[in-house]
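In case you want the letters, here they are:
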Amino acid sequence: MSASTADWADSPGTPASTAPADAAERGLCLHCGSDLGHPFCCRGCEAVYQLLQSENLGRYYDMRQGSQPPAPVLRPDSFGWFDRIIEELPASVREDGPWRLSLDLQGVHCAACVWLLEELFGREAGGNSLRINPTLGTVDLVWDPSGGDLREYLASVERFGYRLGPPRKAGARRSRGLLIRMAATVALAMNVMMFSLSYYFGLAPRDGLLYEVFGWLGLVLSTVAVILGGGVFFRSAWAGVRRRVAHLDLPIALGMALAWAGSVYAFLAGGPEAAYFDTLTVFVALMLVGRWAREHLLERNRNALLDASGAEHLTAKKRTETGLAAVAATGLDRGDELWIAPGDLVPVDGVLLRQQAEVALDWITGESARVPYAPGQVVPAGAFNTSQRGFAVTATEGFATSRLQQLLRAPADQASEFRPNWWHRVATWYVTAVLVAAAVGLAIWLPRDVDQALRVAISVLVITCPCALGLATPLAEELVQHALRRRGVLLRTSDFLEKALQVRTLILDKTGTLTLDELQLNTDGEAVLASLTAAERGVLREMAVRSNHPVSKAIHAALVGGNDPAPADAAALEALEETPGQGLSLALGGQQWRLGRSADEAGGTIFSRDGAILAVLQCEERLRPGAASEVVALREAGYDLHLLSGDAPAKVAAMATRLGLASDHARGGLDPEAKAARVRALDRRDTMMVGDGLNDAPSFAAALCAATPAVDRPVLPGKADFYFFGDGLAALRWSLAAARRLRQIVRTNLVLAVAYNLIALCLALAGMVTPVVAAILMPLSSVGVVALTAWRLSERRTTWMSS
């Protein structure tokens, strides 16, 4: 049940005037502040909101600035990696402390997140100090083991949508390098500007040595700025030339080089006041700002999740002579006995020992139902222990040859093969036109006046330098990505917005992608429950609430809130027994009650008393909210949709019917290789694959681009172009709309740039524009295009991404 605004305002320790109250008035999600739903946009936001109120942490909303991505629903971590980290500490430190650990962090978006994590840490008796780097997504902490179990803190932050893991992130190397270059170039530009101002305010040759010194200092500092800041564009342009690709950095690099050459020529020929070193260095600094902003945002999105893209980071609990020990999964061999705790992953195929178990195979096969195993059966690698107790297996293979290792092994990345054809055509045309115009100007004036010919050629190259596009395009990309991020869509690759323009076919996985990790009773369920007596419904509700099985949760959700009386014998209810693969049994009032699967899998779940069937309940997978309408919207937008799954063909066909997809657009029973083969058959360099299981990894590599909602399993986001939060599928529509909107903005900017350049070019070829005037017009045109871009992509004008 959703909380009301009044409930929030009355919670203890929380001022009634904070952000959620305002959000309620504006019809926004009370937790993340988005306009995706009111009062909550998804299950994650509702759960975290309720938790913040119950823990008296409402100040979180006071500290949060603006909206943020929706809160994710995370699968509980068993913290096997933590045991391995602690075992690597020296024995004396492991026993007595303090533990000084560096960990990776997932889910931090703002200062409010940092405050919340620090507040929770401060409530733990063992917490000594905590330092969070939200940009890199890392944590340094000091813990006293005598004050409590650190796992309790790890579990507590997980409930709020954050997750800590072993240190694997390499750091923001590229954006940091750009930041250093940008800072140095900005400092150089400010110094050159101060020297230039002296000439604007009247510094003249009569002032003696100072006149010469300031001029030469401007030359030296601008030269350093061009080498230091322009080197980024020079390397990119040269790399494009070597690949025979006319990258847009080529005219930018030429413009920088020739603007520097023209300014040096003007300095030597006409003195310091004739040079325009200030405009040149400001131009270089601004270009670096745009490049850094784009790279910084992408790295921020990559660092928002834990890095877990390879098998080298998996751990397992192996039985040794001294007991269980956390070891690297890569070192497992055939014959090892492993303990699979609740929530743990089975790293290799293994024979189940001693007791029954129930596992989820959706991550590796796409099968939605939990699968029971009996002692002696082989549990496949990649299965998750979904029961409330652990089990033991004996490995039948080494990890090097396991199926899980094959799926985790990163396939050949096709991103490097992608070429954004439209943008490259524009760049080729632009570079060719600029060079031809400069050559024409040089040829026209050269027979008459060599100096004037050089000035015209330099003016053409400077005035037509695509600095407006070079600044406005990165700005447009950043604003589009910020708009997506506010909606819970985080891009990981720089070329996705180009790829998205070519997408015509969307391929959807079923389990976990179209559906949530929940079941619900089918449309007949309410009538079946109504046919029971109130006492029978009371027994059924009390049995279901004591089980974590998805079917039990679905039944309890249908019964919760009713007035059916609970059985009076509480002791008997505590004796409820749950048998994996069979169901629940309860001895109550001299009668034997049972809730479990029928002998016929298609027969549903049986509720019986003393063997007499009282009700047969059918469950179905719960679609993500709005999934059906999103499928319709995407089809109406002209996209071809296909449904591929490893689940049973009958279930896939039923899902296709619910979504209105043609039968030939839905295939089930596919293993990972068959699914990838089908993607390749459909792909014309125009497919987007959307999945959440490791069995989708080969399909990700086969498609042009890929997306995933599986933020609780970082392997898939590491292979995707973008990942998204929340319960719905609108992220697919938003991401495609964002790419189209970006292209529209860039095309408009290009038209404006062409119009400006044609006018300026005619004036330059006529000899009416000097290099100094060209250097002034260049930033003025840039400011105009950048301002227009910012206005068109402002938050008030994001109707292109309306829900």
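Quick note: structure is the one above.
Right, let's walk through the structure included here.

1. Thoughts on the overall build of the protein
From N to C terminus, the protein includes 27 helices and 27 strands. Counting all 803 residues of the protein, 54% fall into the buried class. The long-range share in the protein, meaning contacts at least 24 apart out of those at least 6 apart in sequence, stands at 70%. When the accessible surface of the protein is split by element, carbon and sulfur atoms take 56% of a total near 33800 Å².

2. Concerning the sheet that holds strand β4 (residues 163-165)
Taken together, the four strands give an open sheet; going across it, the order is β2-β3-β1-β4, and neighbouring strands pair in antiparallel fashion. For this open sheet the edge positions go to β2 (127-133) and β4, each flanked by a neighbour on one side alone. When strand polarity is set aside, the average angle formed by the axes of neighbouring strands in this sheet is 30°. For β2 and strand β3 (residues 138-143), the ladder comprises six bridges, and the chain directions are antiparallel. If you follow Arg 131 over to β3, its bridge partner there is Asp 140. Together, β1 (99-106), β2 and β3 form the strand contacts of helix α7 (residues 111-122), whose direction differs from that of β2 by roughly 165°.

3. Observations regarding the pairing of strand β13 (residues 391-395)
Each regular strand carries side chains that alternate between the two faces of the sheet. Among the five residues that make up β13, four are buried, leaving the element largely enclosed by the rest of the structure. Bridge count for strand β7 (residues 337-340) against β13 is four bridges, and the pairing is antiparallel. Following the sheet pairing, Ile 340 is matched in β13 by Phe 391. Strand direction decides the pairing type here: strand β8 (residues 350-353) and β13, joined by four bridges, are antiparallel.

4. Some details on the side chain of Glu 630
Following the sequence through the fold, Glu 630 ends up in helix α22 (residues 627-636). For Glu 630, a relative accessible area of 10% corresponds to the buried category. When neighbours within four sequence positions are excluded, Glu 630 is seen to be in contact with Leu 729, Ala 730 and Arg 733.

5. Let's talk about the environment of Ala 627
Here Ala 627 shows up in helix α22. In sequence terms Ala 627 and Ala 730 are 103 residues apart; their C-alpha atoms lie 8.0 Å from each other. In contact with Ala 627, not counting residues within four places along its chain, are Leu 514, Leu 659 and Leu 729.

6. Quick word on the nonpolar core
One finds Leu 101, Tyr 153 and Tyr 162 to be the most contacted residues of the largest nonpolar core, which totals 47 residues. Put simply, the parts of the chain that give this core at least two residues each are α3 (43-54), α4 (59-63), α5 (80-87), β1, α7, β2, β3 and α8 (150-159). The element that contributes the greatest number of residues to this core is α7, accounting for eight residues. Apart from the residues lying within four places of it in its own chain, the contact partners of Tyr 153 are Leu 117, Leu 120, Phe 121, Glu 124, Leu 130 and Trp 143. Membership of the second largest hydrophobic core comes to 46 residues, among which are Leu 298, Ala 500, Ala 707 and Val 746.

Scoring rules and cut-offs
- Residues numbered from 1 in each chain as written.
- Predicted model: local features only at pLDDT ≥ 70, side-chain atom pairs only at ≥ 80, totals over all residues.
- Heavy atoms only, no water.
- Helix = DSSP H or I, 4+ residues; strand = E, 2+ residues; numbered from the N terminus.
- Buried < 20%, exposed > 50% of the residue type's maximum accessible area, 1.4 Å probe, protein only.
- Contact = heavy atoms within 4.5 Å.
- Areas by Shrake-Rupley, 256 points an atom, 1.4 Å probe, with all protein chains shown as cover.
- Pairing = 2+ DSSP bridges.
- Axes fitted to C-alpha atoms, helices over the stretch in contact; angles between N-to-C directions.
- Core = buried A, V, L, I, M, F, W, Y, C linked by side-chain atoms within 4.5 Å.

The quantities given are spatial measurements derived from coordinates; they are silent on function.
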